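The residues making up each chain are set out below.
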Amino acid sequence: MSEDGAVTRAPGEGGRLLRWAFRHLAGPAEGVQGAVQGGSAEAREAWKRDLAERKRYTREQRERKRAAKEADRRS
């Protein structure tokens, strides 16, 4: 904030009218297919498969570490 209490903005940020217009006239992108998730159904399915594969790999790594610790305790 500046000394007189006014909020300083970056050049090109716009003023009150531009902010009001964007907020009230632009609206959310609800009517667009895949606007929130992004991409196609195939891309989302590929992402889900990749996530499942990463979780499986992590689970296997934890099991290997646990087995190694158990083996060290027994010896």
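That block above? That's the structure.
Residues numbered from 1 in each chain as written. Predicted model: local features only at pLDDT ≥ 70, side-chain atom pairs only at ≥ 80, totals over all residues. Heavy atoms only, no water.

### Details of the overall build of the protein chain
- Secondary structure summary: the protein chain contains two helices and zero strands in total.
- For the protein chain, the proportion of its 75 residues judged to be buried stands at 1%.
- Put simply, the protein chain shows about 7,300 Å² of open surface, and 54% of that area lies on carbon and sulfur atoms. (Helix = DSSP H or I, 4+ residues; strand = E, 2+ residues; numbered from the N terminus. Buried < 20%, exposed > 50% of the residue type's maximum accessible area, 1.4 Å probe, protein only. Areas by Shrake-Rupley, 256 points an atom, 1.4 Å probe, with all protein chains shown as cover.)

### Regarding a nonpolar patch on the surface
- A surface patch of nonpolar side chains, about 380 Å² in accessible area, is lined by Leu 17, Trp 20 and Leu 25.
- Inspection of the secondary structure puts Leu 25 in helix H1 (residues 16–26).
- Given the relative accessible area of 63%, Leu 25 is considered exposed. (Patch = residues over 30% accessible without salt bridge, like charges linked within 9 Å, V, L, I, M, F, W, Y side chains within 5 Å. Salt bridge = Lys/Arg side-chain N within 4 Å of Asp/Glu carboxyl O.)

### Examining the pattern of salt bridges
- Under the definition given, this model contains five salt bridges.
- Note that Glu 60 is salt-bridged to Arg 56, the shortest N-O span being 2.3 Å. Taken together, the residues span about one helical turn, with Glu 60 and Arg 56 both in helix H2 (residues 41–74) at a distance of four residues.
- For Glu 60, a relative accessible area of 26% puts it in the partly exposed group.
- One salt-bridge network, in which partners are shared between bridges, spans Glu 53, Arg 56 and Glu 60.

### A word on a positive patch on the surface
- Taken together, Lys 55, Arg 59, Arg 62, Lys 65, Arg 66 and Lys 69 make up a surface patch of like positive charges.
- Structurally, the position occupied by Lys 65 is in helix H2.
- Residue classification places Lys 65 among the exposed positions, given a relative accessible area of 59%. (Lys, Arg positive; Asp, Glu negative; His and termini not counted. Charge placed at Lys NZ, Arg CZ, Asp CG, Glu CD.)

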